[in-house]
Amino acid sequence: MSADVQEQTRLLREVRLALQENNYPQAIHSLQQIIALAQARGDAGAVGRHTASLALTYQRQGDLAQALHYFQQALALARQEGDRFSEDGLLGNLGNLYREAGRYPEAIDSLTQALAIAADLGDLRGRGLWLSHLGLVYDDLRRPEQAVAFHTGAVDIARTLHDRASLAARLAYLGNSYIALGRHGQALVPFREAVALYEEAGKPAELALRLGILGNLHAHIGRGLLPDPAAGEHFRQALEYYQRTMELARSLSDHLTEAELLRSLASVLWSLGHAADARQHLAVAQQLYAALGQPHKAAETAAILRQLGT
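Residues numbered from 1 in each chain as written. Predicted model: local features only at pLDDT ≥ 70, side-chain atom pairs only at ≥ 80, totals over all residues. Heavy atoms only, no water.

Quick word on the overall build of the protein chain
Here is step 1 of the chain: For the protein chain, the count of helices and strands is 15 helices and 0 strands.
Here is step 2 of the chain: Its C-alpha atoms put the protein chain at 80 × 40 × 35 Å along the principal axes.
Here is step 3 of the chain: Per-residue burial for the protein chain yields a buried fraction of 44% across its 310 residues.
Here is step 4 of the chain: Here the contacts in the protein chain between residues at least 6 apart in sequence split such that 48% fall between residues at least 24 apart. (Helix = DSSP H or I, 4+ residues; strand = E, 2+ residues; numbered from the N terminus. Buried < 20%, exposed > 50% of the residue type's maximum accessible area, 1.4 Å probe, protein only. Contact = heavy atoms within 4.5 Å.)

Description of helix H2 (residues 24-40)
Here is step 1 of the chain: Here H2 is 17 residues long and its end C-alpha atoms lie 24 Å apart, about the 24 Å a rise of 1.5 Å per residue gives.
Here is step 2 of the chain: Turning to H2, its buried residues are Tyr24, Ala27, Ile28, Ser30, Leu31, Ile34, Ile35, Leu37 and Ala38.
Here is step 3 of the chain: For H2, the secondary structure elements touched by its buried residues are helix H1 (3-20) and helix H3 (44-61).
Here is step 4 of the chain: Put simply, Asn23 is the residue that caps the front of H2, since its side-chain oxygen is 3.3 Å from the backbone nitrogen of Gln26.
Here is step 5 of the chain: Backbone geometry just after H2 places Gly42 at a positive phi near 70 degrees. (Expected span 1.5 Å × (residues − 1). Polar contact = N/O pair within 3.5 Å; in protein donor to acceptor, adjacent residues only side chain to side chain.)

Looking at the pattern of salt bridges
Here is step 1 of the chain: Going through the model one piece at a time under the given rule, you end up with 18 salt bridges.
Here is step 2 of the chain: When the shortest N-O distance is used, the salt bridge between Glu106 and Arg103 registers 2.7 Å.
Here is step 3 of the chain: We classify Arg103 as partly exposed; its relative accessible area is 34%.
Here is step 4 of the chain: The salt bridge involving Arg244 is made with Glu199; its shortest N-O contact spans 3.2 Å. With Arg244 in helix H12 (residues 231-251) and Glu199 in helix H10 (residues 184-201), this pair connects stretches of sequence that are 45 residues apart.
Here is step 5 of the chain: Taken together, the shared-partner salt bridges connect Arg79, Arg84, Glu87 and Asp120 into one network. (Salt bridge = Lys/Arg side-chain N within 4 Å of Asp/Glu carboxyl O.)

Considering unusual backbone geometry
Here is step 1 of the chain: A cis geometry characterises the amide bond from Leu226 onward to Pro227, with omega recorded as 5 degrees.
Here is step 2 of the chain: You can see Pro227 is positioned in the loop between helix H11 (204-225) and H12.
Here is step 3 of the chain: The phi dihedral of Arg142 falls on the positive side, at around 60 degrees, and the residue is not glycine.
Here is step 4 of the chain: By the element assignment, Arg142 lies in the loop between helix H7 (124-140) and helix H8 (144-160).

A closer look at the side chain of Asp123
Here is step 1 of the chain: Along the chain, the position of Asp123 falls in the loop between helix H6 (104-121) and H7.
Here is step 2 of the chain: Despite being buried, Asp123 has no salt bridge partner; Arg125 is the closest side chain of opposite charge, sitting 6.2 Å away. (Lys, Arg positive; Asp, Glu negative; His and termini not counted.)

Describing the nonpolar core
Here is step 1 of the chain: Residues Leu54, Tyr58, Phe71, Leu90, Leu94 and Trp130 are the most contacted members of the largest nonpolar core, which totals 46 residues.
Here is step 2 of the chain: Counting only elements with at least two residues in this core, the list comes to H1, H2, H3, helix H4 (64-81), helix H5 (84-100), H6, H7 and H8.
Here is step 3 of the chain: The contact partners of Phe71, leaving out residues within four places of it in the chain, are Ala52, Ala55, Leu56, Gln59, Leu90, Asn93, Leu94 and Leu97.
Here is step 4 of the chain: Formed by 25 residues, the second largest nonpolar core is a distinct cluster that contains Val155, Leu188, Leu197 and Ile213. (Core = buried A, V, L, I, M, F, W, Y, C linked by side-chain atoms within 4.5 Å.)

Here you go:
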């Protein structure tokens, strides 16, 4: 083994260990040395790969400016080498960074280019990823109609690939976009499927979040239907979802979420005419907020209790 190869192996090990310890300055220093070695032997492909790793490390450190700088460098090298697969991934990473920086036109441009290359390469997984990220950009821009179209495409690809983890996340994104459009009934469908997938995957935190959203959706739809008796079924559905979420929150020792759910339950119980139960839930929520060091929330809940006649 040549001295150059030995040194690179040593430096790569340093990078790996540094990243495991979240020691980003050390990882950056070692990566810069690896890049210098690759430049010295004229290996442009290796320079590009390690420059991309350097960009990712800066991103993990939270230095968006440096991450963008090195991703752009790596992209130029990939194009120079005619490496379309790397170009695709780098454009997608750039798009995500631009989104994080609030530079939405540049995010759309980079992700659209990545999407086109993925299509040219027949990379279905890449297409699904970039469609999903484009949907999130349009969500950020508060253009949910366009976001729905992108998220729907990303969901379809996850189904085709039988990628259940991605499908669950993308269904939730789609549901959020429907909520932003005010189409709460439609939002129920993707969230129900996402709940089933998270339950199957054994992810209680993700499951609790989506169950709570389903409860909120049914409560919102129910209030919109009042005084129609059909509102009652939505309120009962809301109670069921809130109770399931409460069980998960308690199992996760997430007492703040438990307090929030008690307030949500109280609101639905009041709408159903169960005033005493509603007051009892609010009283427990107030005590929880106080115990958790949330005086503003405790006072707010006490004020609601007074309004309800306690």
